[in-house]
Amino acid sequence: MERATAKKRIEKLREEIRRHDHLYYVLDKPEISDEAYDKLYKELETLENKYPELVSSDSPTQRIGGEPLKAFKTVTHKTPLLSIDNVNSQEDLVDFDRRVREGLGKAKIEYVAELKIDGLAVSLIYKKGKFAQGSTRGDGVHGEDITHNLRTVKAIPLSIKGNEDIEVRGEVYLPYDEFVKLNEARKEKDEAIFANPRNAAAGSVRQLDPKETAARPLNIFVYTGVIPKLKKHYEVLEHLKKLGFKVNPNIKVCDGIGEIWKYIQHWEKKREALPYEIDGIVVKVNDLAAQAKLGYTARAPRWETAFKYPPIQAVSIIEDISVQVGRTGAITPVAQLKPVHLAGVMVKRATLHNEGEIRRKGIKIKDHVKVQRAGEVIPEVVEVIKGKRTGHEKEFIMPKTCPVCGAKIFRPEDEAIARCTNISCPAQVMGRVIHFTTREAMDMEHVGPALVSQLIENGYVKDAADLYTLTKEDIMKLERMADKSAQNIIDSIKASLDRPFDRLLYALGIRLVGKRTAQLIADYFHDIDELAKASADELSKIREIGPKIAESIVNFFRAKENQGFIEKLKKAGVRVRGYEVRGMGPLKGKTFVFTGGLKHYTRPEAEEIVRKLGGSASGSVSKRTDYVVAGTEPGSKYEKAKELGVEILMEDEFVKLISKHKYRVETGD
Ligand code: IVH
């Protein structure tokens, strides 16, 4: 085919494919078979391969493009993405309506009611009709640039009708069926499963490699945009639909708060039948001039509110109650349920927390119970349906000994939790090692519970520090282990050596030290030895750390086994000190490159200072470098900086820059 003919054909194919994408992903009304679609797509791909110069970034073939990113860029939103106020009852809702009516001096208000999709807020910017930038809400003012990932969301058009420059906002979500599939695949691969579709969606858009995101079919509903000349919010939504965006079909204009209440009640009953999760209803004043008149409080708009639904519940029967032994020895009774559908997923177990809870709720084996999803992966039992009792229910008796190791179970009088008293209990060891590897701790991506259990059973691992001395050969000896998987495991263990200090502190599994406490400690103590020496008094000086936590920390470091464990971690090369002010320092986002000899510092020292102040240090100069610091006899990096117009600092200027900041930096003078 001639080039000119090819060009025409390519354009025709793109238009066709875009139309079918829109029909399929946005309108849910496909017109052609998958085979017919694939044929069009293949033809386009073939032609674009033949004429690569004709490929354009908004071609349907270019959704997954480019290499994985190293990190996300920060973007500043043009107008902040505020959150909205919540109401939980009809009373509060009526109150909201009263404030709106008073603010506008009107007897009745026209509202728009929308489903509140439980996903992740994003902003999409189009320049001249082409998708140019997508970002997360972040803290509302700054978000992360996730353009490369949002391009893979098929319901997001890469180009829109007309050549407009617009920003739209919406909710990216993962439908229930995709959420279940994703979790099943993760379980298979021994990766941590997501607690709910929202977490799964958030994890998916925060992938550095767009191929990963593309493998998880995210979806979107767009719920707002700035369109000049339109007068009503509902008209904006209609216009967005015309431009090719996916707008939720269940949006309704309501005359007065009474109709809103009906809509809320209607969807509370119907929400379980939706293929995606909603956690409430958003109510917005329809008239845009009225919105502007009402304006904003410091936190949120006065013209909209969210009615939050209580969690979805299901009824099932407790077939039996067993106990689980956690990493701290905590014995948790777990209800084995007759499988039941709950908010899109099949539930077979629910936590009963502890013995006291069982007594308080009056739970017995064979009881009919209501269950709901808690913050955790495993749901909880809310209450017994006493009316369904037959008299055959049985009381649960807490075992006296650990079901795993047989040691005594002990519950201190003032505590709710009973514990296995043997710290070498295999269940505890396993729990500790697994905790150490999890995403929020040392984040060893390819090391999951099943692998840890194999490693412990085969005697390779007795504590988490042993993971670092594993060799690929060791791992290859495990059952059904392929070369590539073994390498991935080794790589992900190695990658964890340099995790931030607070992650290590959390990973240690010190009782009462959660993620937040670990961060507070890491802000205060510079390294693990300093912390290990600290007294309870000194620890209590840290904001939010009370005497109980302080005592638990002191006890942890006093125990001989733990001291040995920490020595092993150090020997393995695990980072046991802080290196940055968690992205909050005055040099946040700034990249430095050093060249030549420095008078005041060694190179690693200078780099460490930059990191402590929130910046980063790199070995090579690029356009993204902010400063090149030149010492004596600077090398080629100096030339490169000049060539690229990167700012060059002499050592003295660098010292001046860093000493401006609140951290005292020793200059050695
Ligand atoms: S309007 C960025 N409308 O609920 C604030 N929000 O605090 C936009 N959400 O995370 C508020 N569905 O992303 C609006 N139809 C809808 C929504 C919706 C879900 C999310 C939103 C934000 C939270 C509100």
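Within each chain, residue numbers correspond to sequence positions counted from 1 in written order. Two thresholds apply to this predicted model, a pLDDT of at least 70 for residue-level local features and 80 or more for giving and counting side-chain atom pairs, whereas whole-chain, interface and lining totals are computed over all residues. The basis for every side-chain value is the complete set of non-hydrogen atoms in the structure, without hydrogens or water.

Asks: So, the sheet that holds strand β10 (residues 278-285): which residues are in play, and what are the values?
Replies: With mixed pairing, the five strands of this open sheet are ordered in space as β2-β11-β10-β3-β9. Of all the strands in the sheet, just β2 (86-87) and β9 (252-255) have a single pairing partner and so form its edges. Whether two strands pair comes down to DSSP finding at least two bridges between them. Segments assigned H or I by DSSP are reported as helices when at least four residues long, segments assigned E as strands when at least two residues long, and all are numbered from the N terminus. Note: strand β3 (residues 110-117) against β9, four bridges, orientation antiparallel. Residue pairing in the sheet places Tyr 111 in a bridge with Cys 254 of β9. Strand contacts of helix α8 (residues 233-243): β3, β9 and β10, with the helix running at about 50 degrees to β3, the strand carrying the most contacts. Only heavy atoms matter for contacts: two residues are in contact if any of them lie within 4.5 Å across the pair. Inter-axis angles, ranging from 0 to 180 degrees, are taken between N-to-C directions of lines fitted to C-alpha atoms, where helices are fitted over the stretch in contact.

Asks: Any chance you could break down the nonpolar core for me, citing the residues and the numbers?
Replies: If you look at the biggest cluster of nonpolar residues, it comprises 54 residues, and the most contacted ones within it are Phe 436 and Leu 508. At the level of secondary structure, the elements contributing two or more residues to this core comprise α12 (426-437), α13 (449-457), α15 (483-495), α16 (501-507), α17 (515-524), α18 (528-533), α20 (547-558) and α21 (560-572). Tallying contributions element by element places α20 first for this core, with six residues. The contacts of Leu 508, once residues within four sequence positions are left out, are Ile 528, Phe 556, Phe 557, Phe 565 and Leu 569. Remark: nonpolar core denotes a set of buried residues (Ala, Val, Leu, Ile, Met, Phe, Trp, Tyr, Cys) joined through side-chain atoms within 4.5 Å. The rule is simple: take the accessible area with a 1.4 Å probe, protein chains only, and divide by the maximum for that residue type; under 20% is buried, over 50% is exposed, in between is partly exposed. Val 172, Leu 174, Ala 200 and Val 247 belong to the second-largest nonpolar core, a separate cluster that totals 37 residues.

Asks: Report on the pattern of salt bridges, specifying residues and quantitative values.
Replies: Put simply, a salt bridge is a Lys or Arg side-chain nitrogen that is within 4 Å of an Asp or Glu carboxyl oxygen. Enumeration over the complete set of coordinates arrives at 42 salt bridges. We note a salt bridge from Asp 58 to Arg 18, for which the minimum N-O separation is 3.5 Å. One end of the pair, Asp 58, is in the loop between α2 (34-50) and β1 (74-76); the other, Arg 18, is in helix α1 (residues 3-26), and 40 residues separate them in sequence. Of the residues examined, Asp 58 reaches a relative accessible area of 9% and is grouped as buried. Here Lys 570 ties to Asp 529 by a salt bridge, and the two come within 2.7 Å at their closest N and O atoms. With Lys 570 in helix α21 and Asp 529 in helix α18, this residue pair connects regions lying 41 residues apart in the sequence. The exposure class of Lys 570 is partly exposed, given its relative accessible area of 26%. Through salt bridges with shared partners, one network takes in Asp 95, Arg 98, Arg 99 and Glu 102.

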